[in-house]
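Working through the structure, step by step
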Amino acid sequence: MKEHPKQTGGFWGNLALCAAALAIMGLLIVLPLLVVLKEAFAGGVRLWLASVTDQDALSAIWLTLGVTAVVVPLNTVFGVAAAWAIAKFRFKGRSLLLSLVDLPFAVSPVVAGLIFILLFGRHGWLGTWLSEHHLRVVFALPGIILATLFVTFPFVARELIPLMTEQGSEEEQAALSLGATGWQTFAKVTLPNIKWGLLYGIILCNARAMGEFGAVSVVSGHIRGETSTLPLHVEVLYNEYSFTAAFACASLLSGLAIVTLVLKTIVELKGARDAA
Amino acid sequence: MKLKLKETSALPGFGLSLGYTVFYLSLIVLVPLSALVFRSSELGFSGFFETIRHPRVLASFQVTFLSAFKAALVSVVFGVTVAWFLVRGRFPLKRLVDALVDLPFALPTAVSGIALTALFAPNSTMGGALAGLGVKVAFTPTGITVAMIFIGLPFVIRSVQPALADLNTELEEAALSLGASRFQTLWRVVLPLLAPPILSGFTLAFSRALGEYGSVVFIAGNMPMKTEVASLLIITKLEQFDYAGATAIAVALLSLSLLAILLINLIQTRATRYLGNA
């Protein structure tokens, strides 16, 4: 055989392909990441440290972590429940439900923020009632959580549904017929089978929850030190021309993105090994 | 007797899991989204078109639509190249490149926004060099397109890559051995087979770009009538307490995205049927 069927062209063909692909990836994907790091450390490590330990930056970090700690578990529980219902059973309206679970991905983040303003804002449906009871949803923590829940809604479910559909339910049926309870079956049979897919979904959900900008931007009101999440804090600093501080905070988020990619790759490899 | 809505299954937990799914879906997604639908129906058709017909709104739709379309086209060309490389190229660090493909998904959009702006601003090395060639990127519609390419590229790569990996090389070998040139093989055999994933990657990139905010808003310059995208205009209207205006633009934007998604599903079903019959 002259050449391996999966390989393209000869030496020159491969070289041209590599050059083109690496140029695209380098210019479009890697360069922006390097720019963030370069700008973040433009004033030296000390200034970077001062920027990320600034009072407002710290409160933004804590807010971001807090919102994520609420959002990710809620959407994970939902993802597992939705996958159990949709993947293990056949029922009327199943494909409709499947499309509705994916719906938030089709909604612009800004529109996702807007709908919560329309519901809970001062001129919104529940606005008068909320202000009479001195409750704040929009421009406060609950609004940020709701908007983040909305945009990260499908991540776990969409990883698990195809996986669990493919796995079928024979193993579960065997466990049940041997006398295991439903919960035992789930914990001892289903969960080990889906663990990598579940982890994968959680990692993606977590990254988006920490990094969400558009939807949170609409509902947060940008109150410094109060309702500014880390991505919003980056925007505020940038618009004040505090570029080094903005990029320093952005470098934290870039670190998060890199950790996400590394974890995701590890989980993919582990999952592929288990499936093999 | 119970209504038979599902096929009998030995597994427990159907009622609980389905009930919780529907409840949580309604609470977080359906009820809030219905607010948008009801609000826009309060506007009525005339109110809706009154808002949409405003020159500034039309201009923002035009900029958003054209930039998203161009960006999705470029993403297809770039994305197919990178996917081809990832599946068939020989390169020692392919695994690393593969992992980096998802960076635009993992990087918060605000970060991509300020990074791209810093990269292409007229006072930066690259922006300066491009300006020397007469190409202005930052604060022009081109900047918007560049940001949308960044966001859209992974969608195309991740749609095309698995299809390309599954592609049966025997077909190509058959074409080559029957005397077709490499180019003919590519054009007549490979591309038609890749058309459905390319089209769905294009549509995903396009639909995402239509609603994109974070990565676009910094590089766009945000000049009304020129470089103001639709999602930014929604925020501007909200800041002016023009809820009706914001709602009308949001409904138009959402309808376009949903139409795009519907189109993908149609393509996918057609493609599956076609390949199933083949």
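These notes cover the structure that comes with them. Predicted, not measured: the structure shown is a model, and the values here were computed from it.

**A look at the overall build of chain B**
Secondary structure assignment for chain B yields 12 helices and zero strands. When its helices and strands are written in sequence order, chain B yields α-α-α-α-α-α-α-α-α-α-α-α. The buried share of chain B, reckoned over its 278 residues, is 53%. Of all intrachain contacts in chain B linking residues separated by at least 6 positions in sequence, the fraction that spans at least 24 positions is 74%. Surface accessibility of chain B: about 13,200 Å² in total, with carbon and sulfur atoms responsible for 69%. Taking the 20 positively charged and 13 negatively charged side chains of chain B as two groups, their mean positions are separated by 3 Å.

**A closer look at the packing of aromatic side chains**
According to the stated counting rule, one finds 27 aromatic pairs over all chains in the structure shown. For the ring pair phenylalanine 65 of chain B and phenylalanine 206 of chain B, a centre distance of 5.3 Å and an interplane angle of 85 degrees mean the geometry is edge-to-face. Here phenylalanine 65 of chain B is found in helix α2 (residues 55-88), whereas its partner phenylalanine 206 of chain B is found in helix α9 (residues 182-211), with 141 residues between them in sequence. Its relative accessible area of 37% is what places phenylalanine 65 of chain B among the partly exposed residues. The exposure class assigned to phenylalanine 206 of chain B is buried, which follows from its relative accessible area of 10%. A ring pair is formed by phenylalanine 69 of chain B and phenylalanine 202 of chain B, whose centres lie 5.6 Å apart and whose planes are at 85 degrees; its orientation type is edge-to-face. Of this pair, phenylalanine 69 of chain B sits in helix α2 while phenylalanine 202 of chain B sits in helix α9, placing them 133 residues apart in sequence. Through a chain of ring-to-ring contacts, the aromatic side chains of Phe213, Tyr238, Tyr241, Phe243 and Phe247 of chain A together with Tyr213 and Phe218 of chain B assemble into a single cluster. The ring of tryptophan 84 of chain B is capped by arginine 88 of chain B, whose NZ or CZ atom sits 5.0 Å from the centre of that ring.

**What about the pattern of salt bridges?**
Here the structure, examined in full by the defined rule, presents 13 salt bridges over all chains. We note a salt bridge from arginine 95 of chain B to glutamate 268 of chain A, for which the minimum N-O separation is 3.3 Å. Taken together, the residues span two chains, with arginine 95 of chain B in helix α3 (residues 94-100) and glutamate 268 of chain A in helix α13 (residues 243-275). Among the ionic pairs, glutamate 228 of chain B bridges to arginine 56 of chain B, the shortest N-O distance being 2.7 Å. Of this pair, glutamate 228 of chain B sits in the loop between α10 (214-220) and α11 (230-239) while arginine 56 of chain B sits in helix α2, and the two are 172 residues apart along the sequence. One connected set of salt bridges, linked through shared partners, spans Lys264 and Glu268 of chain A together with Arg95, Asp98, Asp102 and Arg158 of chain B.

**Describing the packing of helix α10 (residues 182-211) of chain A against α13 of chain A**
Residues and elements named next belong to chain A. At a minimum axis distance of 9 Å, the contact between α10 and α13 shows a crossing angle of 170 degrees. Relative to α13, the element α10 is oriented roughly antiparallel. On the side of α10, the interface is formed by Lys195, Trp196, Leu199, Tyr200, Ile203, Leu204, Asn206, Ala207 and Met210, while α13 contributes Leu253, Leu256, Thr260, Leu263, Lys264, Val267, Glu268, Lys270, Gly271 and Asp274. Of the residues belonging to the contact of α10 with α13, the class tally is 11 nonpolar, three polar and five charged.

**A look at the side chain of arginine 39 of chain B**
Along the polypeptide, arginine 39 of chain B turns up in helix α1 (residues 14-52). Glutamate 42 of chain B provides the closest opposite charge to the buried, unpaired arginine 39 of chain B, separated from it by 4.2 Å. Non-local contacts of arginine 39 of chain B, meaning those with residues more than four positions away in its chain, are made with Leu118, His123, Gly124 and Trp125 of chain A together with Tyr243 and Thr247 of chain B.

**Topic: a nonpolar patch on the surface**
Together, Ile258, Val259, Val262, Leu263 and Ile266 of chain A give the surface a local cluster of nonpolar side chains, amounting to about 390 Å² of exposed area. Structurally, valine 259 of chain A can be placed in helix α13.

**A word on the nonpolar core**
The nonpolar side chains of a soluble globular protein tend to be buried with one another. By size, the foremost hydrophobic cluster in this structure holds 171 residues, and its most contacted members are Phe150 of chain A together with Leu33, Leu36 and Ile234 of chain B. Not counting residues up to four positions away in its chain, the partners in contact with leucine 33 of chain B are Leu103, Val107, Ile115 and Phe150 of chain A together with Leu254 of chain B.

**A closer look at the environment of leucine 193 of chain B**
Residues and elements named next belong to chain B. Relative to the helices and strands, leucine 193 resides in helix α9. Note on leucine 193: relative accessible area 28%, which makes it partly exposed. Through-space distance from the C-alpha of leucine 193 to that of arginine 39 is 44 Å; in sequence the pair is 154 residues apart.

Here is what the cut-offs are and how they apply
The numbers attached to residues start from 1 for each chain and follow its sequence in the written order. Whichever chain is written first is A, and whichever ligand is written first is 1; the rest continue in order. Per-residue local features of the predicted model are confined to residues with pLDDT of at least 70, and side-chain atom pairs are confined, for both listing and counting, to 80 or more; whole-chain, interface and lining totals are unaffected and use all residues. Computation of side-chain values: all heavy atoms of the structure, hydrogens and water removed. Helix numbering and strand numbering both begin at the N terminus, where a helix is a DSSP run of H or I of at least 4 residues and a strand a DSSP run of E of at least 2. With a 1.4 Å probe rolled over the protein chains alone, any residue whose accessible area is under 20% of its type maximum counts as buried; one over 50% counts as exposed, and the rest are partly exposed. By definition, residues are in contact when any of their heavy atoms lie within 4.5 Å. We get accessible surface area from the Shrake-Rupley algorithm with a probe of 1.4 Å; when it comes to residues, only the shown protein chains can shield them. Charge counting follows a simple rule: Lys and Arg are positive, Asp and Glu are negative, and His as well as the terminal groups are ignored. Where a charge lies is defined by one atom per residue type: Lys uses NZ, Arg uses CZ, Asp uses CG and Glu uses CD. Between the rings of Phe, Tyr and Trp (Trp by its six-membered ring), a pair exists once the centres lie within 6.5 Å; its type follows the angle of the planes, with under 30 degrees stacked, over 60 edge-to-face, and the other angles tilted. Counted as over-ring charges are cases with an Arg CZ or a Lys NZ within 6 Å of the ring centre that also lie within 35 degrees of the ring normal. Each salt bridge in this description consists of a side-chain nitrogen of Lys or Arg and a carboxyl oxygen of Asp or Glu lying within 4 Å of one another. For helices, the axis comes from a line fit to the C-alpha atoms of the stretch in contact; other axes are also lines fit to C-alpha atoms, and the angle between any two N-to-C directions lies between 0 and 180 degrees. Throughout this description, any angle smaller than 35 degrees is read as roughly parallel, any larger than 145 degrees as roughly antiparallel, any in the 65 to 115 degree range as roughly perpendicular, and the remainder as oblique. When residue character is reported, Ala, Val, Leu, Ile, Met, Phe, Trp, Tyr, Cys and Pro are called nonpolar, Asp, Glu, Lys and Arg charged, and the others, Gly included, polar. Nonpolar side chains (Val, Leu, Ile, Met, Phe, Trp, Tyr) within 5 Å and like charges within 9 Å form the patches, drawn only from residues with over 30% relative accessible area and no salt bridge. We call a set of buried Ala, Val, Leu, Ile, Met, Phe, Trp, Tyr and Cys residues a nonpolar core when their side-chain atoms join them within 4.5 Å.

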